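Topology and contacts: notes
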Amino acid sequence: VSTQSTGNGQHDGVNEVMLNRADVYWNRGSKGRFVPRSVIVDLEPGTIDAVKGSEWGGVFNPSNFVHGASGAGNNWAKGHYTEGAEISDVIVEVIRQEAERAECLQGFQFVHSIGGGTGS
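Just so it is clear, the model here is predicted, and its values are computed rather than measured. (Residues numbered from 1 in each chain as written. Predicted model: local features only at pLDDT ≥ 70, side-chain atom pairs only at ≥ 80, totals over all residues. Heavy atoms only, no water.)

1. Focus on the overall build of the protein
Counting its secondary structure elements, the protein contains three helices and four strands. The N-to-C order of helical and strand elements in the protein reads α-β-β-β-α-β-α. The contacts of the protein with a sequence gap of at least 6 include a subset with a gap of at least 24, amounting to 51%. Roughly 8,000 Å² of accessible area belongs to the protein as shown, and the carbon and sulfur atoms make up 55% of that amount. (Helix = DSSP H or I, 4+ residues; strand = E, 2+ residues; numbered from the N terminus. Contact = heavy atoms within 4.5 Å. Areas by Shrake-Rupley, 256 points an atom, 1.4 Å probe, with all protein chains shown as cover.)

Here it is in structure tokens:
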């Protein structure tokens, strides 16, 4: 799906085949709007707020943003055993809900931090 540079989730392509294949990564919303099938997770709420406030922030499903209370402070153990453990059930529930909205679930793609921070 090609979206306009304004990040409004509208399909601006003319290829019907591509539009039909859009359902792999996008949910069709109201008024012809496409919403990415994504769950965005971070222990740091500021990072999630930056995504929400960006030009593309409005295209995502607001209920698919999950964040911790304060982040892990670059401490792997804190991120894994305390902050991360506190929100793991919420993350699994949001992923389950997103999977149930799919007509024919084909798989999952995970993208995580590799350039620094606790997630690397």
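2. Quick look at the packing of aromatic side chains
Taken as a whole, this structure holds two aromatic pairs when the rule is applied. Arranged with centres 6.0 Å apart and planes meeting at 75°, the rings of phenylalanine 60 and phenylalanine 65 form a pair that is edge-to-face. Look at phenylalanine 65 and you get buried, because its relative accessible area is 11%. Taken together, a centroid distance of 6.2 Å and an interplanar angle of 25° make the contact between phenylalanine 108 and phenylalanine 110 stacked. Accessibility expressed as a relative area gives 52% for phenylalanine 108, which makes it exposed. (Phe/Tyr/Trp six-rings, centres within 6.5 Å; stacked < 30°, edge-to-face > 60°. Buried < 20%, exposed > 50% of the residue type's maximum accessible area, 1.4 Å probe, protein only.)

3. Some thoughts on the nonpolar core
Side chains of a nonpolar character, in soluble globular proteins, are inclined to be buried together. Ranked by size, the top nonpolar core spans nine residues in total: Leu19, Ala22, Trp26, Phe34, Ile40, Ile48, Val59, Phe60 and Phe65. Grouped together as the second largest cluster of nonpolar side chains are six residues, Leu43, Val66, Ile87 and Val94 included. (Core = buried A, V, L, I, M, F, W, Y, C linked by side-chain atoms within 4.5 Å.)

4. A few points about helix 3 (residues 76-101)
Every α-helical turn comprises 3.6 residues, leaving residues that sit three or four positions apart pointing alike. The end-to-end C-alpha distance of helix 3, which contains 26 residues, comes to just 33 Å, noticeably less than the 38 Å that a straight helix rising 1.5 Å per residue would cover. For helix 3, the principal kink sits at glycine 84 and spans about 60°. Looking at helix 3, one finds that the buried residues are Gly79, Glu83, Gly84, Ile87, Ile91, Val94, Glu98 and Ala99. Check the buried side of helix 3 and you find it contacts strand 1 (26-28), strand 3 (40-42) and strand 4 (65-67). (Expected span 1.5 Å × (residues − 1). Bend = angle between axes of the 7 residues up to and from the residue.)

5. Observations regarding the confidence of the model for the protein
Chain-level statistics for the protein give a pLDDT mean of 80 and a share of 83% at 70 or above. Taken together, the stretch residues 1-6 has pLDDT below 50 and engages in 18 contacts with residues farther than four places along the chain or on a different chain. (pLDDT = per-residue confidence, 0-100.)

6. Some points on the environment of glutamine 97
Structurally, the position occupied by glutamine 97 is in helix 3. On the basis of relative accessibility, which here comes to 33%, the residue glutamine 97 falls in the partly exposed class. Distance from glutamine 97 to asparagine 64, taken between C-alpha atoms, is 9.3 Å for residues 33 residues apart in sequence.

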